[in-house]
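Each chain, written out:
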Amino acid sequence: MDEAREKVADFLGAEASELSSPVAGQRATMRRSWHARFLPRKTSSHHHAVEHPAVGNLSTYLGRKGYRVTELSVDREGRLDLDELRESITEETTIVTIMYANNETGVIFPVEEVGEIVKAKGVPFHTDAVQAAGKISLNLKKSTIDMLSISGHKLHAPKGIGVLYIRKEQSFLPF
């Protein structure tokens, strides 16, 4: 496990201690907003309209449980409106999650710009990099990304293998 963690950390430009191995890292990070009940006044999350169902379905669940979930729109080409993102983040925002690349449209989202916007607001930023890992160079030490999830089967690993990167400066409540 340690050897595998070191190899993945090298691949992502991260430290091995920042990696975990949940089957669905996106769900783990979105559940962070479910734990928002422990954080006064922090009760919402953001994602965009073309997210993978792993994020979209959990967002729907959180919405039914009373959390404010903001679904950001995309334009005709499937691109995110960064001004809408900037204006939608409030004091209550717990997490913003934006996929890195969309497997259906081919759109690569400007995750570094998103990360700068989100960090300026003091909110953690997660990206689902399942479609990007191995195709787009990643260096998380130099990135604005706080949390990142990848799925091994997209990199020729067995199904069910995944990695969740959590920047060491981020607090994360286990579930």
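Let me begin by describing the structure that accompanies this report. The shown structure was predicted, so the numbers you read here are calculated from the model rather than taken from an experiment.

Assigned secondary structure in the chain consists of five helices and seven strands. Each helix and strand of the chain, ordered N terminal to C terminal, gives the series α-β-α-β-α-β-α-β-α-β-β-β. Counting only residues that meet the buried cut, the chain has 47% of its 175 residues in that class. Here the chain has roughly 9,300 Å² of accessible surface; of this, 51% comes from carbon and sulfur atoms.

In this section: the pattern of salt bridges. As enumerated under the stated definition, the model contains seven salt bridges in all. A salt bridge links Lys-7 to Glu-3, with the nearest nitrogen and oxygen atoms 3.4 Å apart. With a gap of four residues between them, Lys-7 and Glu-3 both fall in helix 1 (residues 2–12), about one helical turn apart. Its relative accessible area of 57% is what places Lys-7 among the exposed residues. Salt bridges linked by common partners bring Asp-75, Glu-77 and Arg-79 together as one network.

Here helix 5 (residues 111–120) has its buried residues at Val-111, Val-114, Gly-115, Ile-117 and Val-118. Projection of helix 5 onto a plane perpendicular to its axis shows the buried side chains occupying an angular sector of 165 degrees, all on one side. Looking at helix 5, the residues exposed on the side facing more than 90 degrees away from the buried face are Glu-116 and Ala-120. Packing partners of the buried residues in helix 5 comprise helix 4 (82–88), strand 4 (93–97) and strand 5 (125–128). At the C-terminal side of helix 5, Gly-122 shows a positive phi close to 75 degrees.

Let us now look at the pairing of strand 6 (residues 147–151). Of all five residues making up strand 6, five are buried, and the element is well covered by its neighbours. Side-chain alternation along strand 6 places Met-147, Ser-149 and Ser-151 on one buried face and Leu-148 and Ile-150 on a second face that is also buried. Here five bridges tie strand 6 to strand 7 (residues 162–166), and the two strands are oriented antiparallel to one another. In the strand pairing of strand 7, Ser-149 is matched with Leu-164.

Conventions adopted
Residues numbered from 1 in each chain as written. Predicted model: local features only at pLDDT ≥ 70, side-chain atom pairs only at ≥ 80, totals over all residues. Heavy atoms only, no water. Helix = DSSP H or I, 4+ residues; strand = E, 2+ residues; numbered from the N terminus. Buried < 20%, exposed > 50% of the residue type's maximum accessible area, 1.4 Å probe, protein only. Areas by Shrake-Rupley, 256 points an atom, 1.4 Å probe, with all protein chains shown as cover. Salt bridge = Lys/Arg side-chain N within 4 Å of Asp/Glu carboxyl O. Arc of directions from axis to C-beta. Contact = heavy atoms within 4.5 Å. Pairing = 2+ DSSP bridges.

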